[in-house]
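Results of the structural survey
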Amino acid sequence: MTSMWNDQGVKFPVTILQVEDCQVTMNVKTPKPDHTVYHAVQVAACNQSPKATTRQMLGHFQKSEVKPKRYMKEFPVSPDAHVPVGTVLNAIHFVPGQYVDCVAKSIGKGFQGVMKRWGFHGLAASHGVSVSHRSAGSTGNHQDPGRVFPGKKMAGRMGGNQVTVQNLAVVRVDSTLNLIYVRGQVPGVDDAPVYVRDAKKVMALAQHNSVKGLKEKILPKGVDDLPFPAGTAELAKGLPPIIEAPSYRRSPFVPPE
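Here is a short report on the structure shown in this document. Computed from a prediction, not measured in an experiment: that's the story for all the values here. Note that residues are indexed from 1 along each chain, following the sequence as it is written. pLDDT decides what is reported in this predicted model: residues at 70 or higher carry local features, side-chain atom pairs at 80 or more are listed and counted, and totals for whole chains, interfaces and linings draw on all residues regardless. Here the side-chain values reflect all heavy atoms present in the structure, with hydrogen atoms and water set aside.

**A short note on the nonpolar core**
Note the cut-off: Note on terminology: a nonpolar core comprises buried Ala, Val, Leu, Ile, Met, Phe, Trp, Tyr and Cys residues joined through side-chain atoms within 4.5 Å. When accessible area is computed with a 1.4 Å probe and restricted to protein chains, residues below 20% of their type maximum are described as buried, those above 50% as exposed, and intermediate ones as partly exposed. Numbering of helices and strands starts at the N terminus; helices are DSSP runs of H or I of at least 4 residues and strands are runs of E of at least 2. In what follows, residue pairs with any heavy atoms lying within 4.5 Å of each other are defined as contacts.
The biggest cluster of nonpolar side chains holds 24 residues, and the ones touching the most others in it are Val100, Cys102 and Ile180. Only strand E4 (37-47), strand E6 (99-105), strand E9 (162-174) and strand E10 (179-183) provide two or more residues apiece to this core. Sequence-distant contacts of cysteine 102, that is, excluding residues within four places in its chain, are made with Leu17, Val163, Thr164, Val165, Leu168, Val186, Pro187, Val194, Tyr195 and Val196. Judged by nonpolar contacts, the second largest core, of 6 residues, contains Phe12, Val171, Leu179 and Tyr181.

**Quick look at the sheet that holds E4**
Threshold: Following DSSP output, two strands are said to pair if at least two bridges run between them. Axis lines are fitted through C-alpha atoms, for helices just across the contact stretch, and the angle between N-to-C directions can take any value from 0 to 180 degrees.
Read from one edge of the open sheet, 3 strands run E3-E4-E5, paired in antiparallel fashion. Among the strands making up the open sheet, the edge pair consists of strand E3 (23-31) and strand E5 (69-76). Averaged over neighbouring strand pairs, the angle between their axes works out to 25° when direction is ignored. Bridge count for E3 against E4 is 8 bridges, and the pairing is antiparallel. Across the sheet, the residue bridging to valine 28 is alanine 40, located in E4.

**Details of the environment of leucine 17**
Tracing the backbone through its elements, the reader meets leucine 17 in strand E2 (residues 11-18). For the pair formed by leucine 17 and phenylalanine 111, sequence separation is 94 residues and the distance between their alpha carbons is 30 Å.

**Examining helix H1 (residues 55-64)**
Definition in use: The arc refers to the directions leading from the helix axis to the C-beta atoms.
Leu58, His60, Phe61 and Ser64 are the residues of H1 that are buried. Across the axial projection of H1, the buried residues extend over an arc of 160°, all falling on one side. Opposite its buried face, H1 presents the exposed residues Arg55, Gln56, Gln62 and Lys63, each directed more than 90 degrees away. Against the buried residues of H1 lie E3, E4 and E5.

Below, the structure written as structure tokens:
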């Protein structure tokens, strides 16, 4: 993480994400039992040695004419949004001003007690408590039901789970270095893979406004258009290398009228 200042002089935290060797490996079209078709684009990132890749995946990459990759994900798309196999994706796919969801594996904390894992208050720190200051207290019941209910908050392994942080604003895009500047924090350790997608809640609101005919409320404020079907390396050549999102709120340093 680092910090940035907007054009009003306000400092805010950002997380820098890099799009590393991201290419399209397959277009997925799967019929469903309800006679509809599931459409998706399979994307892989981060080149790795063929020795570290299984034979099955080597055959998959060779068929797509793409170098072996370390990570692979599927993005559901509309039927008209398929991208040619082998297309190199760029950070310009995300427009400054739009909102995204970041999915990653949280930092593992190991085995932790109930106070750190669940925020328990703990027992008294004064007289009368014998070596039970941070204990969970009673976890059982009477003879009926005579067991601990599933899901009881107890000590155990903490962290290391998939976490989604929603509605993070994209404040800057560097198409030369393939960097995405996201406002706020992203789960996971440094240099960990992060799955970035369009914000689901913002998309649902945009679909609702589209049905109602409110075209001016489909895209976020300040965003005129989005790359379709994807932001490729060829598209980035015709745009400025660095694009920033302006601040739209009133300056906090100017007193209200």
